[in-house]
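# Per-entry structural report
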Amino acid sequence: MAFGVLIVAMVVMAALVVPWSRPPAPRADQVDALRELPADRVARGKALHDELRPGSYFTLVLGLVFALVLGLTPLGAKLVTLMGRPFGGHWIAQAVLGGLAVVLVGEVLAAPLAAWRHAILVKYGLSTQTWAAWFVDLLKAFAVGAVIGSVALLGFYTIARLAPRWWWAFGAVGAAALVVLLSFVLPVLVEPVFNKFTPMPEGPLRTELLALAERDGVPVKDVLVADASRRTRAVNAYVSGLGPTRRIVVYDTLLREAEPPEVVSVVAHELGHAKDGDVTTGTLITALGAAAAVCGLYLLGSWTGLLRRAGVESLADPRGIALMIAVITVVGVLATPVQNLISRRIEARADAHALALTGDADTFEAMERRLALVNLADVDPNPVEHVLFATHPSTVERIAAARAYRRGDR
Ligand SMILES: [Zn+2]
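Computed from a predicted model, the values in this text were never measured in an experiment.

Rules used in this analysis
- Residues numbered from 1 in each chain as written.
- Predicted model: local features only at pLDDT ≥ 70, side-chain atom pairs only at ≥ 80, totals over all residues.
- Heavy atoms only, no water.
- Donors = N, O, S within 2.8 Å, 3.2 Å for Na, K, Ca; no water.
- Helix = DSSP H or I, 4+ residues; strand = E, 2+ residues; numbered from the N terminus.
- Buried < 20%, exposed > 50% of the residue type's maximum accessible area, 1.4 Å probe, protein only.
- Contact = heavy atoms within 4.5 Å.
- Phe/Tyr/Trp six-rings, centres within 6.5 Å; stacked < 30°, edge-to-face > 60°.
- Expected span 1.5 Å × (residues − 1).
- Core = buried A, V, L, I, M, F, W, Y, C linked by side-chain atoms within 4.5 Å.
- Polar contact = N/O pair within 3.5 Å; in protein donor to acceptor, adjacent residues only side chain to side chain.
- Salt bridge = Lys/Arg side-chain N within 4 Å of Asp/Glu carboxyl O.
- Pairing = 2+ DSSP bridges.
- Axes fitted to C-alpha atoms, helices over the stretch in contact; angles between N-to-C directions.
- Parallel < 35°, antiparallel > 145°, perpendicular 65-115°, else oblique.
- Left-handed = near helix turned anticlockwise from the far one by under 90°.

### Focus: the coordination of the zinc ion
Only H269 (NE2), H273 (NE2) and E347 (OE) from the protein coordinate the zinc ion, and they sit 2.0 to 2.1 Å from it. Read from N- to C-terminus, the donor residues coordinating the zinc ion fall into the pattern H-x3-H-x73-E. With H273 in helix α10 (residues 260–275) and E347 in helix α13 (residues 321–358), the pair connects residues that are 74 residues apart, well separated along the chain. The two residues H273 and E347 agree in class, both being buried.

### Brief notes about the environment of I325
Relative to the helices and strands, I325 is located in helix α13. Separated by 277 residues in the primary sequence, I325 and L48 have C-alpha atoms spaced 32 Å apart. Beyond its immediate stretch of four places on either side in the chain, I325 contacts G99, V102 and V103.

### Structural notes on the packing of aromatic side chains
Overall, the coordinates contain seven aromatic pairs when judged by the stated rule. Relative to W134, the ring of W131 lies with its centre 5.2 Å away and its plane at 75 degrees, an arrangement referred to as edge-to-face. Here W134 and W131 lie together in helix α6 (residues 131–162), a separation of three residues that amounts to about one turn. Under the relative-accessibility criterion, W131 is labelled partly exposed at 45%. Residue classification places W134 among the buried residues on the basis of a relative accessible area of 14%. An aromatic cluster is present here, built from F156, Y157, W166, W167, W168 and Y298 joined pairwise through their rings.

### A word on helix α16 (residues 395–407)
In this model, α16 (13 residues) spans 19 Å end to end at C-alpha, consistent with the 18 Å of a helix rising 1.5 Å per residue. Along α16, the positions that sit buried rather than exposed are T395, V396, R398, I399, A400, A401, A402, R403 and A404. Where α16 is buried, its residues contact α2 (27–36), α10, α13 and α14 (361–374). One or two steps after α16, the chain reaches G408, where phi turns positive at roughly 85 degrees.

### Topic: the nonpolar core
Residues Y157 and L315 are the most contacted members of the largest nonpolar core, which totals 42 residues. Looking at this core element by element, the count peaks at nine residues for helix α11 (residues 278–300). Ignoring any residue separated from it by four or fewer positions in sequence, one finds Y157 in contact with W91, A95, L315, A316, D317, P318, G320, I321 and M324. Counting residues in each nonpolar core, the second largest holds 33 residues, with L212, Y251, V267 and A402 among its members.

### Overview of the side chain of R206
Relative to the helices and strands, R206 resides in helix α8 (residues 204–216). A distance of 2.9 Å separates the side chain of R206 from the backbone oxygen of M200, its partner in a polar contact. A polar atom in the side chain of R206 sits 2.9 Å from the side chain of D222. Beyond its immediate stretch of four places on either side in the chain, R206 contacts P199, M200, P201, D222 and V223.

### Things to note about the pattern of salt bridges
The full count for this structure, using the stated rule, is 23 salt bridges. Notably, a salt bridge pairs K46 with D378, separated by 2.6 Å at the nearest N-O pair. Residue K46 is located in helix α3 (residues 39–71), and its partner D378 is located in the loop between α14 and α15 (383–389); the two are separated by 332 residues in the primary sequence. Judged by relative accessible area, which is 32%, K46 ranks as partly exposed. A salt bridge links R370 to E262, with the shortest nitrogen-to-oxygen separation between them at 2.7 Å. Of this pair, R370 sits in helix α14 while E262 sits in helix α10; the two residues are 108 residues apart in sequence, bridging distant segments of the chain. A single network of salt bridges, built from pairs that share partners, joins E36, D362, E365, R403 and R406.

### Let's talk about the sheet that holds strand β4 (residues 247–251)
Sheet architecture is open: four strands sit in the order β1-β2-β4-β3, paired in mixed fashion. The open sheet has two edge strands with one neighbour each: β1 (197–199) and β3 (237–240). Direction aside, the axes of adjacent strands within the sheet are offset by 35 degrees on average. Taken together, the four bridges between strand β2 (residues 223–226) and β4 define a ladder with parallel strand orientation. Looking at the pairing, V225 lines up with V250 of β4. In the packing of helix α7 (residues 167–194) onto the sheet, the strands contacted are β1, β3 and β4, and the crossing angle to β3 comes to about 140 degrees. Packing against the sheet, α10 makes contact with β3 and β4, and its axis sits at approximately 20 degrees to β3.

### As for the packing of α3 against α13
Relative orientation of the contacting elements α3 and α13 amounts to 150 degrees, with a least axis distance of 7 Å. Compared by their axis directions, α3 and α13 come out roughly antiparallel. Handedness of the crossing formed by α3 with α13: left-handed. Contact residues: α3 offers L60, G63, L64, A67, L68, L70 and G71, while α13 offers A322, L323, A326, T329, V330 and V333.

### As for α14
Helix length check: α14, at 14 residues, gives a terminal C-alpha distance of 20 Å against a target of 20 Å (1.5 Å per residue), a fit within 8%. For α14, the set of buried residues is A361, T363, F364, E365, M367, E368, L371, A372, L373 and V374. Of the surrounding secondary structure, the elements contacted by the buried residues of α14 are α3, α9 (252–257), α10, α13 and α16. You can read the cap of α14 off the contacts: a side-chain oxygen lies 3.4 Å from the backbone nitrogen of D362, and it is on D360.

These figures capture arrangement, not role.
And the structure:
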């Protein structure tokens, strides 16, 4: 019942908040845009993505197979038991160490694939990281994941022990609360683990950006610059955080590579996200999804055949962690295309906002070209892969939308 309500709430929310009605960018404009981009750079972007593709699919399949093997056989339960043994099989050791072990083994298996990816990015001159720095990043990501994972695992199994009949209700509320909390604290606690953020230096550009935000009616205290150049040549910007932790971040590479009016165009896009509350929307949809996931797990917990496969009696037993992770992994893979569809819609709306706010389709187009050429984007990707994996409209779609705007079509 609660599961149904949460799923319906999530669908209704997505239906209401996501801009579904916006017409697609005209294909004729996309074809023109593609023809006008420098062919050698377009080919290089395609070549890069051709090289990355096998590793990406392999990572996806490996993650799924690994999760299913551990979750649908007693292997996962054995691993959890093993981790708890030095602590006399205490449930906290099983829950936290067992859970982390299940995830960590998967991460270690996938690490060579991540290294393969890094080697390709270095070869194409996109990554500026040494192997040592890359490895430190990997360890940091493990550490951050371990902290967040421990909180979630400890919270979940504490609730499951205290309220054996009602854990789904408390767990759903807890999962949703954790998602909201993370949205607040990630920009101030986690992002600084990976990058240094400094306020954009005083100057005409900073003044212009803050004036733009003011004109847009979006309260922005500061524009931050991230030292992305320690890792990549790629240029980018993003908005993260909620309420007091909301910030617009531009990469230092963007300031270095792009003309100031292009930076204004990028920030106008990010202001669109802030103005439409896209971070809030994303957080709420994710929170509903997390709550629904807990209820869904509870329902699956009465499927004795499934429990028997994993060698556990109940999902409240930490030895069933691998089974839960397997279910979450499968649902996550299936949900990704839906999330990406929503993301592309929201990104297209932020583009439209940038065009309307700046009224400058030429600069918008120049910025899109720059973004694509510097980042070696696949500017006109395979439609199936685009639908499955792309979080943003393609470069040619974004340029085509700018051209339609310039003609006054939208
Ligand atoms: Zn965006």
